Amino acid sequence: MPHAETPGTEAVPATRMRWWTELPLILLVYACYSAGRLVVRGDVSDAVDHGLALLRIEKALYLNAEHPLNRLFTREPWIGIPADFWYASLHYLVTPALLVWLFRSRAVHYRAARTWLMTSTFIGLIGFTLLPTCPPRLLDPSHGFVDTMAYYSSWGWWGGEASAPRGLGGMTNQYAAMPSLHVGWALWCGVILWKYGRGRWTRTAAVVYPLVTTIVVMGTANHYFLDALAGAAVMGAGLLLAPYVMRYADVVKARFRTAATAVPAAPGAADAAVPAASVATDATIVSAGCQTSAGERIPRQRHPESRYGAEPGASPSDAGEGAPAPAR
């Protein structure tokens, strides 16, 4: 993975983001995602048909790695039990932890990374809606798969229904196997660690985490290999769309700010705001917009020198109003 910036996704935020606005946003998006998964369960028979179709495609392409991995995880508890814990927990721990780390330590890159993750998640939800898929563990036992999470359920908090806690299996969509967002989110974590992390161990984790997650989702019989590929494709599509999503969000925010600041002024407020200099200038304006020059006298205007009489030779009209008329 090259240590290069993705064009169009690394813009410096105009305003600093606050955790009390980011946290509700992320929780809202995740709540919509979870609710969407429950609403779009799909028909069971269609989900089974889609799962069997994926198996046939994989066998035709010699990509069927699920069976040997699932047999290994079932036969070796020291592999299968940690794999079940990996599947049931890290998906919900590593991703939020990296979001918090980005927010605190790499704030310039946070918005782009968060938008990429959210956009990809919503694309995955579209996949669950259009293509409900039965995971290998829910196929008929004649297909040779063992649900390792049910097999080792006495070791963990999960029951026999996906990775949900015991008694809450009905609150998850078990036919949302295509695409695998376990793999998609793990790939996002790997890219973030590779680009913004430091040190050899961080780079190693960036490669190991998505790779092991891909093996785990197949070995536990929760996903097909094609599900994993679809999860990676969804993240690629989200990465391409993220700059456009951010631009659209900026346009919407700008319109809201403009509408909020465009408040009509109160009556008379405009008159009160006229500068004093303008008032002084207007004082020299006479009828019909004619402006007098400095020192020019207006007819019948009282002048200081004419207090005791008019100037010699001045006409009665030029003298002040209080000046006596000349003797005849």
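Each value, and the rule that gives it
Residues numbered from 1 in each chain as written. Predicted model: local features only at pLDDT ≥ 70, side-chain atom pairs only at ≥ 80, totals over all residues. Heavy atoms only, no water. pLDDT = per-residue confidence, 0-100. Contact = heavy atoms within 4.5 Å. Core = buried A, V, L, I, M, F, W, Y, C linked by side-chain atoms within 4.5 Å. Buried < 20%, exposed > 50% of the residue type's maximum accessible area, 1.4 Å probe, protein only. Helix = DSSP H or I, 4+ residues; strand = E, 2+ residues; numbered from the N terminus. Expected span 1.5 Å × (residues − 1). Phe/Tyr/Trp six-rings, centres within 6.5 Å; stacked < 30°, edge-to-face > 60°. Lys NZ or Arg CZ within 6 Å of the ring centre and 35° of its normal. Axes fitted to C-alpha atoms, helices over the stretch in contact; angles between N-to-C directions. Parallel < 35°, antiparallel > 145°, perpendicular 65-115°, else oblique. Left-handed = near helix turned anticlockwise from the far one by under 90°. Nonpolar A, V, L, I, M, F, W, Y, C, P; charged D, E, K, R; others polar. Bend = angle between axes of the 7 residues up to and from the residue. Patch = residues over 30% accessible without salt bridge, like charges linked within 9 Å, V, L, I, M, F, W, Y side chains within 5 Å. Areas by Shrake-Rupley, 256 points an atom, 1.4 Å probe, with all protein chains shown as cover. Salt bridge = Lys/Arg side-chain N within 4 Å of Asp/Glu carboxyl O.

A. Quick look at the confidence of the model for the protein. On average, residues of the protein score 77 in pLDDT, and 63% of them reach the 70 mark or higher. Contacts from residues 1-14, a stretch scored under 50 in pLDDT, to residues over four places away or in other chains number 28 contacts. The model gives residues 304-328 a pLDDT under 50, and that stretch makes seven contacts with residues more than four places away or in other chains.

B. Structural detail: the nonpolar core. Membership of the largest hydrophobic core comes to 25 residues, with the highest contact counts inside it found for Leu-102, Trp-116, Leu-117, Trp-188 and Ile-192. Within the residue set of this core, elements represented by two or more residues are α4 (77-105), α5 (107-130), α7 (181-196), α8 (200-219) and α9 (225-261). Ranked by residue count, the leading element in this core is α7, at 10 residues. Here Ile-192 is in contact with Trp-101, Leu-102, Ala-113, Trp-116 and Gly-197, once residues within four sequence places are set aside.

C. Molecular detail of α8. With 20 residues, α8 ought to run about 28 Å at 1.5 Å a step, and its terminal C-alpha atoms sit 28 Å apart, in line with that. Considered for burial, the residues of α8 that qualify are Thr-202, Ala-206, Tyr-209, Pro-210, Thr-213, Thr-214, Val-216, Val-217, Met-218 and Gly-219. Taken together, the buried residues of α8 touch α3 (66-75), α4, α6 (148-151), α7 and α9. After α8 finishes, the residue Ala-221 shows a positive phi value of roughly 65 degrees.

D. Seen up close, unusual backbone geometry. Look at the link from Met-178 to Pro-179: it is a cis peptide, with omega at 0 degrees. Along the chain, Pro-179 turns up in the loop between α6 and α7. One non-glycine residue, Tyr-62, adopts positive backbone phi at about 55 degrees. Classification of Tyr-62 by relative accessible area gives exposed; the value is 77%.

E. Quick peek at the packing of aromatic side chains. The full count for this structure, using the stated rule, is six aromatic pairs. Taking 4.9 Å as the distance between ring centres and 75 degrees as the angle between the ring planes, the aromatic pair formed by Phe-85 and Trp-158 counts as edge-to-face. Taken together, the positions of Phe-85 in helix α4 and Trp-158 in the loop between α6 and α7 put the pair 73 residues apart, joining distant regions of the chain. Classification of Phe-85 by relative accessible area gives partly exposed; the value is 29%. By the ring-pair criterion, three or more aromatic residues cluster together here, those being Phe-85, Trp-157 and Trp-158. Stacked on the ring of Trp-194, the Lys or Arg Arg-203 has its end atom at 4.4 Å from the ring centre.

F. Quick look at the packing of α7 against α9. Closest axis-to-axis distance for the α7/α9 pair is 7 Å, and the angle between their directions is 45 degrees. Between α7 and α9, the angle is such that the two are oblique. In this structure, α7 meets α9 at a crossing whose hand is right-handed. Where α7 abuts α9, its residues Leu-181, Val-183, Gly-184, Trp-185, Leu-187 and Trp-188 lie against Ala-228, Gly-231, Ala-232, Val-234 and Met-235. Residue composition of the contact of α7 with α9, grouped by class: nine nonpolar, two polar and no charged.

G. Geometry of α4. End to end, α4 covers 39 Å across 29 residues, agreeing with the expected 42 Å (1.5 Å per residue, within 8%). A maximum bend of about 50 degrees is found in α4 at Leu-90.

H. Representation of a nonpolar patch on the surface. Taken together, the side chains of Ile-126, Leu-130 and Leu-131 define a hydrophobic patch exposed on the protein surface, amounting to about 290 Å² of accessible area. Structurally, Ile-126 can be placed in helix α5.

I. Main features of the pattern of salt bridges. Scanning the entire structure with this criterion turns up three salt bridges. The salt bridge partner of Asp-250 is Arg-111, with a shortest N-O separation of 2.8 Å. In this pair, Asp-250 is assigned in helix α9 and Arg-111 in helix α5, connecting sequence segments 139 residues apart. Judged by relative accessible area, Asp-250 falls into the partly exposed class, the value being 37%. Residue classification places Arg-111 among the buried positions, given a relative accessible area of 14%. The salt bridge partner of Asp-147 is Arg-137, with a shortest N-O separation of 3.3 Å. Here Asp-147, found in the loop between α5 and α6, pairs with Arg-137, found in the loop between α5 and α6; they are 10 residues apart in sequence, far enough to count as distant. Side by side, Asp-147 and Arg-137 carry an identical accessibility label, which is buried.

J. Highlighting the packing of α4 against α7. Contact pair α4 / α7: the axes reach a minimum separation of 10 Å and the direction vectors enclose 35 degrees. The crossing of α4 and α7 is left-handed. Along its contact with α4, which presents Tyr-87, His-91, Val-94, Thr-95, Leu-98, Leu-99, Trp-101 and Leu-102, the element α7 presents Leu-181, His-182, Trp-185, Trp-188, Cys-189, Ile-192, Leu-193 and Tyr-196. Taken together, the residues that form the contact of α4 with α7 break down as 13 nonpolar, three polar and no charged.

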